[in-house]
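Here is what each chain is made of, one letter per residue.
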Amino acid sequence: MRFDRIWLNARLATLAEGSGGLGIIENGVVAAQNGRIAFAGPQSELPASWDSGERIDCAGRWITPGLVDCHTHLVFGGDRAHEFELRLKGASYEEIARAGGGIVSTVRATRAATEDDLVTSALPRLDHLIAEGCTTVEIKSGYGLDVDTEARMLRAARRLGRERQVAVTTTFLGAHAVPPEANGDKDSYIDNVCRTMLPALAREGLVDAVDAFCESIAFTPEQTERVFKAAKELGLPVKLHADQLSNLHGAKLAADYRALSADHLEYTDEDGAAAMARAGTVAVLLPGAFYMLRETKLPPVEAFRRHGTRIALATDCNPGTSPLTSLLLTMNMGATLFRLTIEECLAGVTREAARALGRLNEIGTLEPGKWCDLAIWNIERPAELAYRIGFNPLHHRVWRGH
């Protein structure tokens, strides 16, 4: 068997399901052919007749799947550092939002930005993720709140995937907030999202999934359900910002529609956790937002564990509540703030993050047939990836076998 490229003398954390723990293989090998993994396992099990165009000695380094950031708002205009100052002076996230700040302030800046502006401002954020081994990133819209700007955001997100060697999945988040011109009429705006914006963006091929913000400062469960129904009619999977500030039973609603994921989840109850497990809906935890907002209500990690709900981690990179572009720091926060184990943290930014994007068949583990997206690390043990703060031990990032 001839491979295009082979990485030898490595220690693997395959994260493969059923492998037990991290799926560790000592003296392991990964081989690529046509951009996909052709072999991942012990060197002793390589076919006897193997050969390769290029052989890379990893000198005992660790190889994991390329990291996956499954929840970001990476494309936006402006910043909200001034709101950070307001929160330091005691203003709450909800107070800032109701005073015309928050999401709506980013909407103004994003509407004023060109597609080139959006790409140029997002690239440094994306580059920081890539520099830490990220090979797949989800990017949401939601700062346009009109069809033209939402389309511009999604086109910018698609361009990022062409300008860098990274896989980008796009999510339409039109139901993120109510635009100023709607004058607080949420129902009328949701009509626009479902009947005009979503169909137009889907026709243009800009939408991989549909999201909504179900919360007291955003949209009700009933309004959210209308968005879900519109998405399902177009054959698009859904996900949900759920139960972040209160328990509106968003996790249960997401599960009812077999959402790919429900995200945030600080106020999710036992029934919600059980429903998500039954539906296969991934719980995406976002410790960056928890930290920035100085929240005290922890997501129900023990309930997720009891029911077998899959747990992912993501940066939630956004200008207001999580200006975070580090999955390594996200893992540290997940472990420190939410008491996740090392296995949960690493699976959360690889296998389970891939599952939350509906892409586990292609990425997220080191298994034959999947894209050869790898992160090669200068570490002695996998725990270092979640243990260190502000330190990047990436030796080399491989995308599609290169």
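Keep in mind that what you see is a predicted model, and the values were worked out from it rather than measured.

## Quick notes on the overall build of the protein
Check the secondary structure of the protein and you find 15 helices and 17 strands. Here the C-alpha atoms of the protein give a radius of gyration of 21 Å, agreeing with the 21 Å that 2.2 N^0.38 yields for 402 residues. Counting all 402 residues of the protein, 60% fall into the buried class. Summing over all exposed atoms, the protein offers an accessible surface of approximately 15,300 Å²; the carbon and sulfur share of this is 49%.

## As for the sheet that holds strand 13 (residues 261-264)
The parallel open sheet is built from eight strands, whose spatial order is 8-9-10-11-12-13-14-15. Because the sheet does not close on itself, it has two edges, and the strands there are strand 8 (67-69) and strand 15 (311-313). Shown here is a sheet whose adjacent strand axes are inclined to one another by a mean of 25 degrees, direction ignored. Against the sheet, helix 12 (residues 327-338) engages strand 8, strand 9 (134-140), strand 14 (282-285) and strand 15, with an angle of about 130 degrees to strand 15.

## Side note on the packing of aromatic side chains
For any two aromatic rings, the description comes down to two numbers: the centre-to-centre distance and the angle of the planes. Evaluated as defined, the whole model comprises four aromatic pairs. Considering the side-chain rings of Phe 290 and Phe 338, the 5.1 Å spacing of their centres and the 80 degrees angle between planes classify their relative orientation as edge-to-face. Here Phe 290, found in helix 10 (residues 287-292), pairs with Phe 338, found in helix 12; they are 48 residues apart in sequence, far enough to count as distant. Neither residue differs from the other here; Phe 290 and Phe 338 are each classed as buried. One Lys or Arg, Arg 36, reaches over the ring of Trp 371 and ends 3.8 Å from the middle of that ring.

## A word on the pattern of salt bridges
This structure, assessed with the given rule, holds 31 salt bridges. The salt bridge partner of Asp 51 is Arg 55, with a shortest N-O separation of 3.1 Å. The exposed category is assigned to Arg 55, whose relative accessible area is 51%. In this structure, Arg 306 engages Glu 270 in a salt bridge whose closest nitrogen and oxygen atoms are separated by 2.7 Å. One end of the pair, Arg 306, is in helix 11 (residues 301-307); the other, Glu 270, is in helix 9 (residues 270-279), with 36 residues separating them in the sequence. A network of salt bridges, in which partner residues are shared, links Glu 17, Arg 310, Arg 351, Glu 352 and Arg 355.

## Thoughts on the environment of Ser 121
Relative to the helices and strands, Ser 121 resides in helix 4 (residues 115-131). With a relative accessible area of 29%, Ser 121 lands in the partly exposed category. On a C-alpha basis, the gap between Ser 121 and Val 75 in space is 7.7 Å, while along the polypeptide they are 46 residues apart. A distance of 3.2 Å separates a polar atom in the side chain of Ser 121 from the backbone oxygen of Leu 118.

## Some remarks on the pairing of strand 2 (residues 5-13)
Side-chain positions along a regular strand alternate between the two faces of the sheet. Across the nine residues of strand 2, eight count as buried, placing the element largely inside the fold. Across six bridges, the pairing between strand 2 and strand 3 (residues 24-33) is antiparallel. Counted as the bridge partner of Trp 7 is Val 30 from strand 3. As paired elements, strand 2 and strand 6 (residues 55-57) share three bridges and run parallel to each other. For Leu 8, the partnering residue across the bridge sits in strand 6 and is Asp 57.

## Thoughts on the UniProt feature "domain: Amidohydrolase-related" (unreviewed entry) in the protein
Residues given the UniProt feature "domain: Amidohydrolase-related" (unreviewed entry) here are residues 62-378. Taken end to end, residues 62-378 is 45% helix and 15% strand, and its two terminal C-alpha atoms sit 7 Å from one another.

## Side note on helix 5 (residues 147-163)
Over its 17 residues, helix 5 extends 24 Å from the first C-alpha to the last, a length consistent with the 24 Å expected when each residue adds 1.5 Å. Close packing links the buried residues of helix 5 with helix 3 (103-111), helix 4, strand 9, strand 10 (167-175) and helix 6 (186-203).

## Quick notes on the nonpolar core
Among the nonpolar cores identified, the biggest contains 97 residues, and Val 75, Leu 160, Val 210, Leu 265, Leu 285 and Met 331 are the most heavily contacted of them. If we ignore the near neighbours within four places in the chain, the residues touching Leu 265 are Ala 242, Asp 243, Gln 244, Ala 251, Met 276, Ala 283, Val 284, Leu 285, Pro 299, Pro 300 and Phe 304. Membership of the second largest hydrophobic core comes to 15 residues, among which are Val 30, Leu 366, Cys 372 and Ile 376.

## Considering the UniProt feature "binding site: Fe(3+)" (unreviewed entry) in the protein
UniProt annotation of "binding site: Fe(3+)" (unreviewed entry) refers to His 71, His 73, His 241 and Asp 316 when read in the numbering used here. Spanning 246 residues, the named residues form one tight spatial group whose C-alpha atoms are at most 12.3 Å apart. Inspection of the secondary structure puts His 241 in strand 12 (residues 239-242). Residue His 241 is classed as buried on the basis of its relative accessible area of 4%. With sequence-adjacent residues up to four places away left out, His 241 is seen in contact with His 71, His 73, Lys 140, Leu 173, Asp 211, Ala 212, Phe 213, Cys 214, Asp 263 and His 264. Polar side-chain contacts of His 241 include one of 3.3 Å to the side chain of His 71. As for its placement among the helices and strands, Asp 316 is situated in the loop between strand 15 and helix 12.

How each quantity is defined
- Residues numbered from 1 in each chain as written.
- Predicted model: local features only at pLDDT ≥ 70, side-chain atom pairs only at ≥ 80, totals over all residues.
- Heavy atoms only, no water.
- Helix = DSSP H or I, 4+ residues; strand = E, 2+ residues; numbered from the N terminus.
- Rg over C-alpha atoms; globule rule 2.2 N^0.38 Å.
- Buried < 20%, exposed > 50% of the residue type's maximum accessible area, 1.4 Å probe, protein only.
- Areas by Shrake-Rupley, 256 points an atom, 1.4 Å probe, with all protein chains shown as cover.
- Pairing = 2+ DSSP bridges.
- Axes fitted to C-alpha atoms, helices over the stretch in contact; angles between N-to-C directions.
- Contact = heavy atoms within 4.5 Å.
- Phe/Tyr/Trp six-rings, centres within 6.5 Å; stacked < 30°, edge-to-face > 60°.
- Lys NZ or Arg CZ within 6 Å of the ring centre and 35° of its normal.
- Salt bridge = Lys/Arg side-chain N within 4 Å of Asp/Glu carboxyl O.
- Polar contact = N/O pair within 3.5 Å; in protein donor to acceptor, adjacent residues only side chain to side chain.
- UniProt positions renumbered as here; feature names shortened; annotations may be inferred.
- Expected span 1.5 Å × (residues − 1).
- Core = buried A, V, L, I, M, F, W, Y, C linked by side-chain atoms within 4.5 Å.

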